[in-house]
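Architecture at a glance
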Amino acid sequence: MSELLSLTHALAWPLALTLAWMTGELLYRWANVPRISIYGLCGFVFGNLSSGYLPPAQADNFMMLANLGFGLMLFELGYRINLRWLRTNPWLLITSVLEAGLTWAAVYYVSRICGLAVLPACLLAALAMASSPAGLLRIVNEQGGGGQVTERAMHLTALNCVLAVFVFNVTVGFGVFQTSGDVVHASWTGLVVLAASSGLGAALGWLLPLWQRVAGHVRSNSTLTFAVFVFLLVAITHILKLSPVLAALTFGLVARHRRVTLSPAQRNFGALGDLLTVLLFFFVATTIAWQPTAEGLMLGLLLLLVRALVKVAVCTATARVSGISARKGALTGVAIMPLTVFAIILIEQTRRSGVDLFDTLAPLAPLAAMAMILEVLAPILTQIALTGARESGFAKYKNVVKEDKDAAA
């Protein structure tokens, strides 16, 4: 009997992941519900039903794999950022700064009115600035998205991530100094981590083309090459307690502008990316507990509404001066709603560095509610935005046309 219980305990997570994947596939086929919404919902249910099933050591291994999956998506997002476009159309950068800044101010103001202290309100506001690259990019790849709304959403997401990580780390550094008075620890937690992470990503982005020249630019091995380099980058940041978010984004950005080729067939890193996506969205949702989610539901809903209104309003207001219609601007604001994976990964990285301000300052309840709602709802909103902009299937169509032209030639 004890052996059977032990076997059930060992197989609980693999079986749950398999069932989540199967459910995601069926509901995507039958109802066109985004797969990652189902992975998140299954993870939330399993995580609360099986509390204690995952020992701390295994949880750390799962977090490492989740970071790897997130790192692959961040690399791909960074690779797809066009700095020349930001120079020729500065309104895109202005939109990001306005949207992120006003989101911070609105969420902070509402949090303070609802009774949160200054530091917890600042932390929540910093996280609310961001858009999660994992949710957006997965839906874009799943839907074959491409066009003005898709490209603007990806660029705004990348810029928002950088701004959010900067503000969040500075806030955490201030919190460390406020509670401990340790200037060195506060500085390391803040700006030093940002500089070291960006520098590490840039260094690997510079080394990658050198390796490809030595290896002879074997296109069939390109996906494996990128994945191995991202794995190395995530492992280093994990061990040194740096930020894989900035490191992976910088890596992709530098790789693109060093003329490293990433072919359309390698989007989402194939089967490896699909597997890590299931694990990423499932595992992240298992960390969201039911009790704080229920306790913070009302405030979480209010903060989500404020965040959504600000993002959509700013994107709509700056749409025409940045070269698109107001309707497409509003759809861009809807497309950048995902938040959950980014927020939870960022908090876990902060905890690994020895700082746990969220438990000591207790803004966990509204954050848990925000995370759980957006884990399920945000991918659906992004899918609706791409469909409403008539950009769903756009990239897939372009690739088919290109393949037909190549075959004819």
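In the nomenclature of an unreviewed UniProt entry, the chain is known as Sodium:proton antiporter of Massilia aurea. What UniProt states about the chain under its Sequence similarities (unreviewed entry) heading is, verbatim, "Belongs to the monovalent cation:proton antiporter 2 (CPA2) transporter (TC 2.A.37) family." Under the Subcellular location (unreviewed entry) heading, UniProt states for the chain: "Membrane".

Things to note about helix α12 (residues 270–286)
Between its first and last C-alpha, α12 extends 25 Å over 17 residues, near the 24 Å set by a 1.5 Å rise per residue. Buried within α12 are the following residues: Gly273, Leu276, Thr277, Val278, Leu279, Leu280, Phe281, Phe282, Phe283, Val284, Ala285 and Thr286.

Things to note about the packing of helix α5 (residues 90–113) against helix α14 (residues 297–317)
At their nearest, the axes of α5 and α14 sit 9 Å apart, and the two run at 155° to each other. Comparing their axes, α14 and α5 come out roughly antiparallel. Two packed elements cross with a definite hand, and for α5 against α14 that hand is right-handed. Note on element contacts: α14 touches α5 through Leu302, Leu303, Val306, Arg307, Val310, Lys311, Val314 and Cys315, opposite Thr95, Leu98, Glu99, Leu102, Thr103, Ala106, Val107, Val110 and Ser111.

Describing the pattern of salt bridges
Close approach of charged atoms allows side chains of opposite charge to pair. This structure, assessed with the given rule, holds 5 salt bridges. In this structure, arginine 35 engages glutamate 25 in a salt bridge whose closest nitrogen and oxygen atoms are separated by 2.8 Å. Of this pair, arginine 35 sits in helix α2 (residues 35–49) while glutamate 25 sits in helix α1 (residues 2–31); the two residues are 10 residues apart in sequence, bridging distant segments of the chain. Several salt bridges share partner residues, and in doing so they unite Glu25, Arg35 and Glu142 into one network.

About the cut-offs
Residues numbered from 1 in each chain as written. Predicted model: local features only at pLDDT ≥ 70, side-chain atom pairs only at ≥ 80, totals over all residues. Heavy atoms only, no water. UniProt positions renumbered as here; feature names shortened; annotations may be inferred. Helix = DSSP H or I, 4+ residues; strand = E, 2+ residues; numbered from the N terminus. Expected span 1.5 Å × (residues − 1). Buried < 20%, exposed > 50% of the residue type's maximum accessible area, 1.4 Å probe, protein only. Axes fitted to C-alpha atoms, helices over the stretch in contact; angles between N-to-C directions. Parallel < 35°, antiparallel > 145°, perpendicular 65-115°, else oblique. Left-handed = near helix turned anticlockwise from the far one by under 90°. Contact = heavy atoms within 4.5 Å. Salt bridge = Lys/Arg side-chain N within 4 Å of Asp/Glu carboxyl O.

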